[in-house]
Structure formats: C-alpha cells, structure tokens
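Below are the chains, spelled out letter by letter.
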Amino acid sequence: MNRMIASKDLEPAERVRSFEIEGMSCASCVGRVERAIRNVPGVEAAAVNLATERAEVTFGWDADEASVVAAIEGAGYEVRTASMEIGIEGMTCASCVRRVEQALAAVPGVRSVAVNLATERATISSGGYVDPVGLEAAVRNAGYEPRRLEAGGSSGEERALAKERELAALKRDLVLAAVLTLPVFVLEMGSHLIPAVHMFVMDTVGMQESRLLQFVLTTLVLFGPGRRFFAKGIPALARLAPDMNSLVVVGTTAAWTYSVVATFAPGLLPVGGDAIYFEAAAVIVTLILLGRFLEARAKGRTGAAIARLVGLRAKTARVRRDGRFVEVPLEDVVVGDLIQVRPGEKLPVDGTVVEGSSFVDESMITGEPVPVEKGVGAGVVGATMNTTGSLTLRAEKVGGDTMLAQIIRMVEAAQGGKLPIQALVDRVTQWFVPAVMAVAAVTFVAWLVFGPEPALSAALVHAVAVLIIACPCAMGLATPTSIMVGTGRAAELGVLFRKGEALQTLRDADVVALDKTGTLTLGKPVLTDLVVTDGFAETEVLSLLAAVEARSEHPVAAAVVAEAERRNVPVADATGFEADPGFGVRARVGGREVVVGADRMMAKLGIDVARFSDVAGRLGGEGKSPLYAAVDGRAAAVVAVSDPVKPTTLEAIRALHDMGLGVAMITGDNRRTAEAVAASLGIDEVIAEVLPAGKVEAVKRLREGGRKVAFVGDGINDAPALAEADVGLAVGTGTDVAVESADVVLVAGDLRAVANAVALSKATIRNIRQNLFWAFAYNAALIPVAAGLLQPFGGPTLSPALAAGAMALSSVFVLGNAMRLKRFAAPAREQAQGSAAPDVPAAA
C-alpha cells in the first residue's frame, strides 16, 4: 500500500517505523539492509538489529513506507507480515465496509486491510508492530466503534452476548415504531384507499387534527426508534462520506420536512402541493428496522457453526492438586497437569493417557460414530466424549493450543477472508451511495421541471423513493454471509478452510493430485502375506522372522514384529545379527540360521526360491514386492509387507470422478507398484519414483496446459507441494508442517472430505453469484422504477414506503439464500453410507 508520511505533521516518536525482517544471518546482511533503506528518498536514518531481526527507520520529509519494504525485498530479504483482528460495531452496508477499510489503511504501518460485514471484523496485516490504539482511533474517526477481541482464542461467547443485546434493542425499537406508525398509516393511507375511512376521519378527527396527530406520531418514530439512523447518518454526511444511514436520513427528513411545511405553513407551497407524507417517513423507518431485525437474527444463525464449536468445550476439569483431584475452571489448567476424566464427561484438553482405559467418542473431530479405544500412551483430544471407563491424562495442549481452539481459529479466519469475487463489489460500492444521491437529485430536478402539477410533491416522492430503494445492504452481505455459512458447514463435515480464498480457488480445480503414503494409504505398513513351503509351520516361521527383524529399524521389520505381537507368537532373542543394505538381514535364532531378504539375497547365498515363483508373480501383480525367508539354508517362506489403502479411498476417488475431476497419484514407489495401485483405484495419472524434493516439479507438470491443481498430502515432505499447488489440502492427521502449508485441512484424514470440499466450494461460489446477481439486478431494475422513468409510458412507480419494504426484503433474501448452505448434503458421505466398504487391494 502506497502511503506518504509528512514529517511536519508527525511527532518525533511517530516518525520512527519498525519493520521485522527475515533472512538476515550475519553483520554483512545488516549492512546491506541498512544501506538499502537509507537510499530510500525521505529516510533520515535506519538502524537494523540482527538479534531482534528488526529495522528502526526514521522518516524525514515525505516518505513512502512501501518503498522501504521494496528496498528491503530488493536487497534479498523479506519483511515479516504481522496480522491482527479487531471487531467493528455499527457497520450496516457495503459502503461502511469500504469506509472502515480506507480509515484503517491510512494508519502508519498497515499494509493491507480486509473488513467483513457479516463477521463484523477487520483483519489487518502490517510490516511490524501497529499500535491498536491508533487502529481504534481510526475506526472511531470513521464513525464506527472498535471492539478488541480476545487473544489466543475465540471471543464467540462475548460476541454472542453483544448480538443478543443488539437484537433485543432492535426488537424494542421495532415494536415501538410499529405501534406508533400503525395509526399514521391507517389515518393517511386508509383515507386514500377507503372512502368510508376518509369520511370517518373527517367526521370524528378532522383533517387538520389528523395531520397534527400524524406529525406527533411520526416525529416520535423518527427521533425515537429512528434516532439510530440520524446518529450514524448525519456524521457521515458531515464527513462527505454518506452511507446507508445517510440515505435513510435524507429521505425521511425530506418527507417529514415537506409534510411539516404542508401542515403548519401550507401557503409556502404551490397550489395543490400541500399533500403530506408523514406515513412515508414513519413506514420507511419501521420497515428498515424490520429488515435490520430480520438481518441481525439471520446473521446470528450464520455464525452458529462457531457457536457450536465453542459450546463443545468443557467448562471445568478435575485436576490433581496436593495429592487429590479437585475441580477447577478450564482456564486454570496448565501443561503437565494430571486430569481425571470420568465416564460420560468431556475431555477438557489435549493430552496423553497415563492411567486407565476407555472408549472415547471422537466424532466431533473425525466424523466417525464408533468410539475409539484409548489406553495408556494413547493421545486424546479435548472436547471429545469419554464413554465407559475412567481415564487419567497428562495435559499437553491447553487454552488456545488445543485442536478445538485451532479449528475455531481456522474457521474464523476463513469466515473473515475476502474472495477475489468480492473485488467487484468493493469497486462498485466505493461510489455507489454518492451516485445514488446524485441520481436522487437529478430525479428531483427532472420531476420539478418536467413533471405535472403539483410538481414539487411528485419530485419529492420520487427522489425519496430512489434514496430508500438503493441502500446497498444486500451488496455488502452477498459474499460474507455465504462464506460464513459455507465454511461453518464445511467445519461440520471435517473440512477446515484455513483461507477463505480457497473456497473460490478449489471450485476451479481440474485435477486432484494425491500423495500415496499416509494419504491414499494408512501410512502404516502391515504384513499382508506369509506363504510357507512344505515342512514349515506358519507360526514357527513368523516367530523366527520376528526374532531377526526385532533387531532392525526398517519399516518392513516393524510390520513383521507387529504381526507377531498381534498373533501372540513368542519371539526369541537373536544373535549374530547382520544387515546387508539393499539385500536383507540374517541372524541366529535358537541355533538356527535365519535369512530374510530380496531374491538377490537368496541368489547371493545360493538358496533356490523357484518354488515360490507363482506366489511371487501374484504378489507383484498386486503391486507388492515379495521378500523371502530361509532357515538353515533352505527356502522357507515368501512374505509381503504393504501399506493398506484406506477403506474410504476408492469411494473418494469415485466421487471426484463423478464431479468431472481428474485424479493423479504422486509417489516415490517404483512404477510397477504405483501403476498396480492406481489401476485398482481407478486413478487417471501416475507420477512414480518421485523423490521428496521432486513433488513440486510433479505439481508443475500436472499444471501444464493451464490446468488448476489441488494437491492432497500429509507429510513434512509434502509441504512444498502443498504450497506450490493452486490449492493445498492437508490431511489433518498428518504433520503440523503440512497443515501450516495448506489452504484446506481435512480433519479426520478421510479422503471423501476432498470431494465434499470441492462440492461445497462449488455450492458456496454458486450461492455468492446468486446473491450478487440479486443485489445488483435488484438495484438496476428498481432504481429506474423508483425514479418514475416508466410512469410517462404507463408503467409502474414506487412509493417511498414500498421502496423501504423492498429494500428490507432484499437483504433478508440474500441472508436466506446464504442460509441454504446449512443444508448442504455431502455427496461422498451420502454415497459411502449407501454402499458397503469396497474391497480394495493393499498398496505396497
């Protein structure tokens, strides 16, 4: 952001700006950065500290912070971007959003700002420290009220209470306005529409008395329940930055003022122009309050996903203190505490079981309804439900570090994001309200000059209708409400959009590239085949194999030992262990010589394995690499260890194909094994024998031809590819590095969530387009009607009261359309529930 600073307007302390710099490693780096900064026009001094990685820059005459950042980056270093959020109260439409963004962007140190009308939050990125007081002052100067958010967690409960208070105040004002407006509407419109009512009013109340009563009631409506519009709209007009409130103020005040003159000084108006429009002013305020009330209630429901997530947290924990377990508030739990969880209680924090066993319902994390057995050493997640037994666990992550807190932060961050599609709205709304006021002025003049008598009255009616019909509420709500509901529904399905932008990008994906190990497969090798020859018992051979492999750290060895433990096969001690890298291992077990290795190991030792050729061929066809075991120089068995495909993988790939997406697999396996796995799963493209560093190049290859690539991975070596892809999806059961590099996180590691994420992305963007079409088409269609352009040709016109009703309904329509996303049905999950688990061959 290009912003100039005039030194004469700044205090000495304000002339110093801090920039956090990444990539410096020595004193020469410091010198290079200092020289680069000092060469920027307007910079008086620069001091760079290697230890703190911070540059303190003193600006002299007019200086450009963006040039300082460019100079640092031009020298080969990066300026670290800090991010913070503040709440904003009082925004009502898209023009409010634009105004707050411009005010915050003008604060020194701020690099970018994104304000979300639905979440009522501003996300600020800066090149270093920015004083929150300065940000709050900027918001107040723009006419809105800032609200500090809790650090390290969600302020959802506090915000919910504030929303309840706001809703109660709106309901109170709406009821009062409606009670006061109803007599005004009956007196005026009833007299116009029903002759009997007109005669009744003339005979009992009288014309002048009726006008006086309408004046009193309308004045109470405008400056009672309607005072909220004046409190915001008039200061905005004074700053020459009108917003929706300003449109309401100008429109209702014009109608009210004209009616006051017609009531108390009709001689000042042209003959026949002494009609009153008190009912229009009162009805406008009442209907807009109704729209605000319905809008606030609907907006509260859009944040229901966050509220439900916050509600999952336990409030207290039974912690060991002075030798006994006592109940303490969750906020008092610290890392290392021993916590007792009884049957039927929620686990308060993330930790490891140190005593007891039980079954834990983890459906809130994994989506799987079957409780998972937990024993000593098992990891547990806070907010999951303990079902049967009693557990004692050691707290490892508390407060804002728990998985639930991280999920809440991810959802909030996604809901606060702006999609590229929002850029069009921002450009339009920047000038929308001033343009509407100009159209209203032109309408007034045109009817005053060219309209039939009484021209002044007609000019007023049409100008007010234009002002009221064009409030840009629907435009401001069109995108953020859909994002809020869409990302909230995604969280319920186990899909976390870490960045709101991924919602739009994922929709455009052409091919989904999948890492194999840990993504397509379980990531844990198991012994799948053990075929013995005559003269040997399976249990005997497995015992000998496990004894030898227990001395090895190879994944194949771990799988053999694990199978022996699963079958409760006794494992003796091995002696004389030798490993021959690339060939196999050998040792003595109970006086017997045992060898385990590839066919080349057996050939090297002169052991004939021809009798296993048929079995080895079958295993190879299944994508498995056979290994052989020999006992005392005689071939005893052929074994295969593989990484089984997840039960849901085949269903997930079918769902992706049904959506028209290509599926590719990227793996380090040999091509024969990879192609066997791909054939069994119906994968379209295979990129095999890829080293970890080559996954980025594999993603680039898939992108050839202009295709958009979504990459799914779970390991540390997948992080670069996740970042390189157009959209990176990390399996949530994978490493923290992979999760941090991704745009989307699949909480449970179920690949069906990929199809669900794509489908939800398409549904959300479709919903946003519907909202934007309605918002823009609504204004494009009704502004000419309100201006009376169709009336000379026998077309309809729009009264101010009807305009107010239509404007309120437009916002309610947009919110209601966004709420439909709450009923989004996950396609992959529905298919999975409707079919049995497929029989998928294991992957080597």
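Cut-offs applied
- Residues numbered from 1 in each chain as written.
- Predicted model: local features only at pLDDT ≥ 70, side-chain atom pairs only at ≥ 80, totals over all residues.
- Heavy atoms only, no water.
- Helix = DSSP H or I, 4+ residues; strand = E, 2+ residues; numbered from the N terminus.
- Buried < 20%, exposed > 50% of the residue type's maximum accessible area, 1.4 Å probe, protein only.
- Contact = heavy atoms within 4.5 Å.
- Salt bridge = Lys/Arg side-chain N within 4 Å of Asp/Glu carboxyl O.
- Axes fitted to C-alpha atoms, helices over the stretch in contact; angles between N-to-C directions.
- Parallel < 35°, antiparallel > 145°, perpendicular 65-115°, else oblique.
- Left-handed = near helix turned anticlockwise from the far one by under 90°.
- Nonpolar A, V, L, I, M, F, W, Y, C, P; charged D, E, K, R; others polar.
- Core = buried A, V, L, I, M, F, W, Y, C linked by side-chain atoms within 4.5 Å.

Going by the annotation in an unreviewed UniProt entry, the name recorded for the protein chain is Heavy metal translocating P-type ATPase, with Antarcticirhabdus aurantiaca given as the source organism.

**Notes on the side chain of Asp173**
Mapped onto the elements of the fold, Asp173 is located in helix H5 (residues 156–193). On the accessibility criterion, Asp173 (4% relative accessible area) is buried. Beyond its immediate stretch of four places on either side in the chain, Asp173 contacts Pro225, Arg227, Arg228 and Leu289.

**Some thoughts on the pattern of salt bridges**
With the rule as written, the count across this model stands at 25 salt bridges. In this structure, the salt-bridge partner of Arg147 is Glu89, at a minimum N-O distance of 3.5 Å. Of this pair, Arg147 sits in strand S10 (residues 145–148) while Glu89 sits in strand S7 (residues 82–89), and the two are 58 residues apart along the sequence. When its relative accessible area of 11% is taken as the criterion, Arg147 is described as buried. Glu345 serves as the salt-bridge partner of Arg342, at 3.0 Å between the closest nitrogen and oxygen. Of the residues examined, Arg342 reaches a relative accessible area of 34% and is grouped as partly exposed.

**Side note on the packing of helix H23 (residues 649–658) against helix H28 (residues 752–787)**
Close contact between H23 and H28 brings their axes to 7 Å; oriented N to C, the two are set at 25°. It follows from the interaxial angle that H23 and H28 lie roughly parallel. When you trace H23 past H28, the crossing you get is left-handed. Of the residues in H28, those touching H23 at Glu651, Ala652, Ala655 and Leu656 are Arg752, Val754 and Ala755. Its residues placed into classes, the contact of H23 with H28 shows five nonpolar, no polar and two charged.

**What about the nonpolar core?**
If you look at the biggest cluster of nonpolar residues, it comprises 77 residues, and the most contacted ones within it are Met91, Leu104, Phe497, Val712 and Leu729. Residues within four places of Leu104 in sequence aside, it is in contact with Ile86, Val110, Val113, Ala122, Ile124, Leu135, Ala138 and Val139. Listed in part, the 53 residues of the second largest apolar core include Leu174, Phe229, Ala465 and Leu467.

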